[in-house]
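# Fold and geometry: a report
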Amino acid sequence: MGDSDDDSFHGGDGSRSSEITGGYEVYPGPRRVVVTKSETGFGFNVRGQVSEGGQLRSINGELYAPMQHVSAVLAGGSAERCGIRKGDRIFEVNGVNVEGASHKQVVDLIRRGGDSLTLAVISMPRHIGEQVELSDDSSGGSVIDYSEKRSLPISIPDYQPAEQSSERFVVFNIYMAGRHICSRRYREFAKLHSLLKQEFPDFSFPKFPGKKLFQLSEQQLDTRRRGLETYLEYVCTTRVIAECEIMREFLSIGTNDTIGNNPVPPSHGRVEVKISLPDRSCVCLKISKHSTAEEVLQMVTNKVGLGSVSSSIFALFEVDDTGFKRKLRSQELPYNSLVESCSPVHNEGSCLVLWKWICSPKRELAACNDDRALNLVYYQALDEENQKLVDSSDSLLELKSLKEAGKKREYVEAVSRLDGHGDIAFPHCACDARKEGHVIAIIGFNAFKLQACKQDGTSESQVIEFQWSDIHQYEVDNSGTSFNFLYHRDGRKPRRIRIFTTYNVYMNECFEKMKSEIINDGK
């Protein structure tokens, strides 16, 4: 793609108009309705994505971030009387824009509104609205969506005796994807069941194992273990329950914390984690479930033996199912990443890695004066070459010779001069600079690029390149659905571009780090 005056990808004229479809009017934009709660509630169900953000989609000729939609409307209920239709997309709740919002966020806004609810909705053509399936609880006034399922490898393979303050009891060991994550007493499970029933009153819960008045035999304990495992497996297959705060708390309580005023045995306050290194080895640590990423990073670099200068170029990253590495913010809890990662992509089941982050070539080579840091940077450079993240077409013979001679520092220096070294390529997403297709945002030391691609991520030839000196402002959008930046080139008007990525906070952090590195590199 050429460097045009407006730096835009191909697109249409964006024209739109209202239409009559299937017997009622489809409005070109949001319309406002006020729903008053009756004895049957508001009279509609909500369904939609569990997570935030997502790709832009066209609705009635306009691009919107994913929205929750009305999956069922109670006949004769308040919503129907106010004109709410099955398939309507929910654009605002009580004046709050909910484009890209999660199901829980929308439900919470609806609940906090009391008995009167003001919605801005976008109606769909009838044939599209009718494709939305009814949820299992469509006869009532529920706004909780139980339809999205997930496969969660959670199990309770065994139990063991425990003691605290002279009290003896049995704890059941809970595992996630083969990793022990916590141990819980029966009464903690009972409290969990009670809290979940209060939070999700219209969900059809499985039978909960009953309480026994007398001490259980080994056979009875194993029967209880199997019953608790079946219960936990069932409720955790429903995504909105598995990801609720009650379940997160139950699965991640640390030392001296409680659930329902029941203490957790101190012996179960720490867990073993594995952190992958660039050379494919692992560091094993025992951490608290409340240890921050900053604390765990310090533990890893100490165990590897990195000094203060060499350790400063590394960070702790979470690897998602696609292999994309996202740096954990300093106060994030790595343990939560382990619990939520059910399909780890790294060796030996680790979804956490120590990886070199954004740094200038000068700082990178200075850190390599430490042989242990050099080894890690060397393997990361090998990874860049092997995955063709750098353009090594003119340097193949040189790189091969350096590898065969075992000259790691020289190899690192050679790779650092190649185009693409150290770049961070984000997963493809929508962008308002392109009305059709997606973009891949690439943050590099020399420039920021937007690579055109198809909606499935297949790269195309068009690229917009922005020099860092031309980028004057950047921010995470207030609605949390995009990352925005303002650039200004000589002889042209300033222009703002929005990138609709779920990694908008991380992208903003990368911009901050890059600006800092460029400033320090110039000193």
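Residues numbered from 1 in each chain as written. Predicted model: local features only at pLDDT ≥ 70, side-chain atom pairs only at ≥ 80, totals over all residues. Heavy atoms only, no water.

## Quick look at the overall build of the chain
If you tally the helices and strands in the chain, you get 15 helices and 28 strands. Among the 523 residues that make up the chain, the fraction classed as buried is 50%. Restricting the contact set of the chain to residue pairs at least 6 apart, pairs at least 24 apart contribute 62%. Put simply, the chain shows about 24900 Å² of open surface, and 47% of that area lies on carbon and sulfur atoms. (Helix = DSSP H or I, 4+ residues; strand = E, 2+ residues; numbered from the N terminus. Buried < 20%, exposed > 50% of the residue type's maximum accessible area, 1.4 Å probe, protein only. Contact = heavy atoms within 4.5 Å. Areas by Shrake-Rupley, 256 points an atom, 1.4 Å probe, with all protein chains shown as cover.)

## Thoughts on the pattern of salt bridges
By the definition in use, this model includes 26 salt bridges. Linking arginine 329 and glutamate 332 is a salt bridge whose minimum nitrogen-to-oxygen distance equals 3.8 Å. Exposure remark for arginine 329: the relative accessible area of 39% places this residue in the partly exposed category. Of the charged contacts, one joins arginine 417 and glutamate 398 as a salt bridge, the two residues approaching to 3.6 Å between their closest N and O atoms. Of the two residues, arginine 417 sits in the loop between α14 (408-416) and β21 (424-425) while glutamate 398 sits in helix α13 (residues 396-404), which places them 19 residues apart along the sequence. Of the residues examined, glutamate 398 reaches a relative accessible area of 39% and is grouped as partly exposed. Through salt bridges that share partners, Asp222, Arg225, Arg226 and Glu229 make up one connected network. (Salt bridge = Lys/Arg side-chain N within 4 Å of Asp/Glu carboxyl O.)

## Regarding unusual backbone geometry
Unusually for a residue other than glycine, asparagine 94 sits at a positive phi of about 50°. Within the secondary structure layout, asparagine 94 lies in the loop between β8 (89-93) and β9 (96-97). Taking relative accessible area as the criterion, asparagine 94 reaches 32% and is therefore assigned partly exposed. Of note in the backbone geometry, lysine 388 takes a positive phi value of approximately 60° without being a glycine. Structurally, lysine 388 can be placed in the loop between α12 (371-386) and α13.

## Some points on the sheet that holds strand β19 (residues 325-327)
Reading across from one edge, β17-β16-β20-β18-β19 is the order of the five strands in this open sheet, with mixed pairing throughout. Two strands bound the open sheet, and with one partner strand each, they are β17 (282-288) and β19. Neighbour-to-neighbour, the strand axes of the sheet open up by a mean angle of 40°, direction not taken into account. Pairing between strand β16 (residues 270-276) and β17: seven bridges, direction antiparallel. Counted as the bridge partner of serine 276 is cysteine 282 from β17. Contacts between helix α8 (residues 293-304) and the sheet are confined to β16, β17, β18 (314-319) and β20 (352-356), with β17 contributing the most and set at about 140° to the helix. Strands in contact with α12 are β18 and β20; relative to β20, the strand with the most contacts, it is inclined by about 95°. (Pairing = 2+ DSSP bridges. Axes fitted to C-alpha atoms, helices over the stretch in contact; angles between N-to-C directions.)

## Focus: the sheet that holds strand β13 (residues 179-184)
A sheet is described by the order of its strands in space; here three strands give the open sequence β11-β12-β13, paired in antiparallel fashion. Two strands close off the open sheet at either side, each with one partner strand: β11 (154-164) and β13. Strand-to-strand twist in this sheet, taken as the mean axis angle between neighbours without regard to direction, amounts to 30°. Sheet strands touched by helix α5 (residues 218-236): β11 and β12 (167-176). Its angle to β11, the strand with the most contacts, is close to 130°.

## Here we look at the nonpolar core
With 71 residues, the main nonpolar core has Ile174, Leu196, Leu232 and Met247 as its most contacted residues. Top contributing element to this core by residue count: α12, with seven residues. Those residues in contact with isoleucine 174 that lie beyond four places of it in its chain are Ile154, Ser155, Ile156, Arg179, His180, Ile181, Cys182, Arg184, Phe189, Leu232, Phe250 and Leu251. Among the nonpolar cores identified, the runner-up in size contains 34 residues, and Phe426, Phe448, Ile471 and Tyr474 belong to it. (Core = buried A, V, L, I, M, F, W, Y, C linked by side-chain atoms within 4.5 Å.)

## Re the pairing of β8
In terms of residue burial, β8 counts as a mostly covered element, since five of its five residues are buried. Taken together, the four bridges between β8 and strand β10 (residues 116-122) define a ladder with antiparallel strand orientation. Bridge assignment links isoleucine 90 to a residue of β10, and that residue is valine 121. Here β8 runs beside β9; their pairing, made up of two bridges, is antiparallel.

## Details of the confidence of the model for the chain
With 82% of its residues at a pLDDT of 70 or more, the chain shows a mean pLDDT of 81. Considering each helix and strand of the chain separately, the mean pLDDT is smallest for strand β1 (residues 19-21), with a value of 38, and largest for β21, with 96. Scored below 50 in pLDDT, residues 10-26 shows 35 contacts in the model against residues more than four places distant or in partner chains. When the criterion is pLDDT under 50, residues 253-268 qualifies, and its contacts beyond four places in sequence or with other chains add up to 36 contacts. (pLDDT = per-residue confidence, 0-100.)

## Section: the packing of aromatic side chains
The relation between two aromatic rings is expressed through the spacing of the ring centres and the mutual angle of the planes. Under the defined criterion, the tally for this structure stands at 25 aromatic pairs. Relative to phenylalanine 205, the ring of phenylalanine 203 has its centre 4.8 Å away and its plane inclined at 80°; by these criteria the two rings are edge-to-face. A single burial state applies to phenylalanine 203 and to phenylalanine 205, both of which are buried. Ring centres 5.2 Å apart and planes at 85° place the aromatic pair phenylalanine 208 and tyrosine 231 in the edge-to-face group. Of the two residues, phenylalanine 208 sits in the loop between α4 (186-199) and α5 while tyrosine 231 sits in helix α5, which places them 23 residues apart along the sequence. What makes phenylalanine 208 buried here is its relative accessible area of 14%. An aromatic cluster of at least three residues, connected via ring pairs, comprises Phe448, Phe466, Trp468, Tyr474, Phe483, Phe485, Tyr487 and Phe511. Positioned above the aromatic ring of tyrosine 186 is the side chain of arginine 224, whose terminal nitrogen or guanidinium carbon lies 3.7 Å from the ring centre. (Phe/Tyr/Trp six-rings, centres within 6.5 Å; stacked < 30°, edge-to-face > 60°. Lys NZ or Arg CZ within 6 Å of the ring centre and 35° of its normal.)

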